[in-house]
Amino acid sequence: MKFFIDTANLDEIKEASSWGLVDGVTTNPSLVSKENISFHDLISQICHLVDGPVSAEVVGTIYQDMYREAHILADIHTNVVVKIPLIPEGLKTVKLLTKEGIKTNVTLCFSATQALLAAKAGATYISPFVGRLDDISANGMDLIRDIRLIYNNYQYQTQILTASARGPLHILEAAKIGSDVVTMPFKVMMQLAKHPLTDIGLEKFLSDWRKTQENQPA
Ligand code: G3P
């Protein structure tokens, strides 16, 4: 399973990349708005930090605007994946971009039928938002299960990119279901490595070791 980091913060991307865990980056307009740098410079800098897919989102809502923006974004770097919202105009844009060989990440997916449409349009990635479904008392991971089943039934090549992951359980479930990719905030990536028994065990090993050193004959 591929790990993408869901942030537009360059320091977080640098730190997570140094652990060797980052296969790609996803951004969205809300994340970009928190950074004090122009969108294009930001995407370009991210592409130079991470050798993998970098999702950059269009903000137009009609086909002509999305298509134009998509080309500008794709020209920044070969690793740019154009993020397109799951609306009819978006699907039309994805179909055309796919024909032109431009990679797409169809975002704001909240149903399996929407995911089916994205696959039929030829999307490279589909981004179902599990955390936002959980927020409204639906089950986000059930959506990932349904999409996995449907994509397997018809051998769609569109990759499932579990998004809006809010904690380690989302990552665990996504891995068990067979999500191709999961994108997560920096904080969640750190939480994955943490276990209280690891910390307690390490502390005990080190204190036992120190005692042996202290008892060594001079
Ligand atoms: O990649 C989409 C993701 O950033 C949305 O996350 O936590 O805002 O629902 P969240």
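Residues numbered from 1 in each chain as written. Predicted model: local features only at pLDDT ≥ 70, side-chain atom pairs only at ≥ 80, totals over all residues. Heavy atoms only, no water.

Taking an unreviewed UniProt entry as the reference, the chain is identified by name as Probable transaldolase belonging to Candidatus Abzuiibacterium crystallinum. Here the chain is described in UniProt, under the heading Subcellular location (unreviewed entry), as follows: "Cytoplasm". (UniProt positions renumbered as here; feature names shortened; annotations may be inferred.)

Our focus in this paragraph is the environment of Lys 204. Following the sequence through the fold, Lys 204 ends up in helix α11 (residues 196-214). For Lys 204 and Lys 187, which are 17 residues apart along the polypeptide, the C-alpha to C-alpha distance reads 27 Å. Polar side-chain contacts of Lys 204 include one of 2.9 Å to the side chain of Asp 208. (Helix = DSSP H or I, 4+ residues; strand = E, 2+ residues; numbered from the N terminus. Polar contact = N/O pair within 3.5 Å; in protein donor to acceptor, adjacent residues only side chain to side chain.)

Here the focus is the sheet that holds strand β1 (residues 2-6). Pairing is parallel around the closed barrel formed by 8 strands, whose spatial order is β1-β2-β3-β4-β5-β6-β7-β8. For this sheet the average axis-to-axis angle between neighbouring strands, irrespective of direction, equals 30 degrees. In the packing of helix α5 (residues 88-99) onto the sheet, the strands contacted are β4 (80-85) and β5 (104-109), and the crossing angle to β4 comes to about 155 degrees. (Pairing = 2+ DSSP bridges. Axes fitted to C-alpha atoms, helices over the stretch in contact; angles between N-to-C directions. Contact = heavy atoms within 4.5 Å.)

Our focus in this paragraph is helix α8 (residues 140-154). Here α8 contains 15 residues, and its C-alpha end-to-end distance of 22 Å stays within 8% of the 21 Å for a straight helix at 1.5 Å per residue. In the core, the buried residues of α8 are packed alongside β5, α6 (112-121), β6 (125-128), α7 (130-135), β7 (159-162) and α9 (168-177). After α8 finishes, the residue Gln 155 shows a positive phi value of roughly 50 degrees. (Expected span 1.5 Å × (residues − 1).)

Quick look at the nonpolar core now. The biggest cluster of nonpolar side chains holds 56 residues, and the ones touching the most others in it are Ile 5, Val 25, Val 82, Ile 126 and Ile 147. Discounting residues that sit within four places of it in the chain, Val 82 has contacts with Ala 56, Val 58, Ala 70, Leu 73, Ala 74, Ile 102, Lys 103, Thr 104 and Asn 105. Listed in part, the 7 residues of the second largest apolar core include Val 81, Tyr 125, Leu 161 and Ala 163. (Core = buried A, V, L, I, M, F, W, Y, C linked by side-chain atoms within 4.5 Å. Buried < 20%, exposed > 50% of the residue type's maximum accessible area, 1.4 Å probe, protein only.)

So, on to helix α4 (residues 63-74). Relative to the 16 Å expected for 12 residues at 1.5 Å per residue, α4 spans 16 Å between its end C-alpha atoms, a close match to the ideal helical length. Buried residues of α4: Tyr 63, Met 66, Glu 69, Ala 70, Leu 73 and Ala 74, and no others. The buried residues of α4 all sit within an arc of 135 degrees when viewed along its axis, so they share a single face. At its buried positions, α4 is contacted by α3 (39-49), β3 (54-57), β4 and α5. (Arc of directions from axis to C-beta.)

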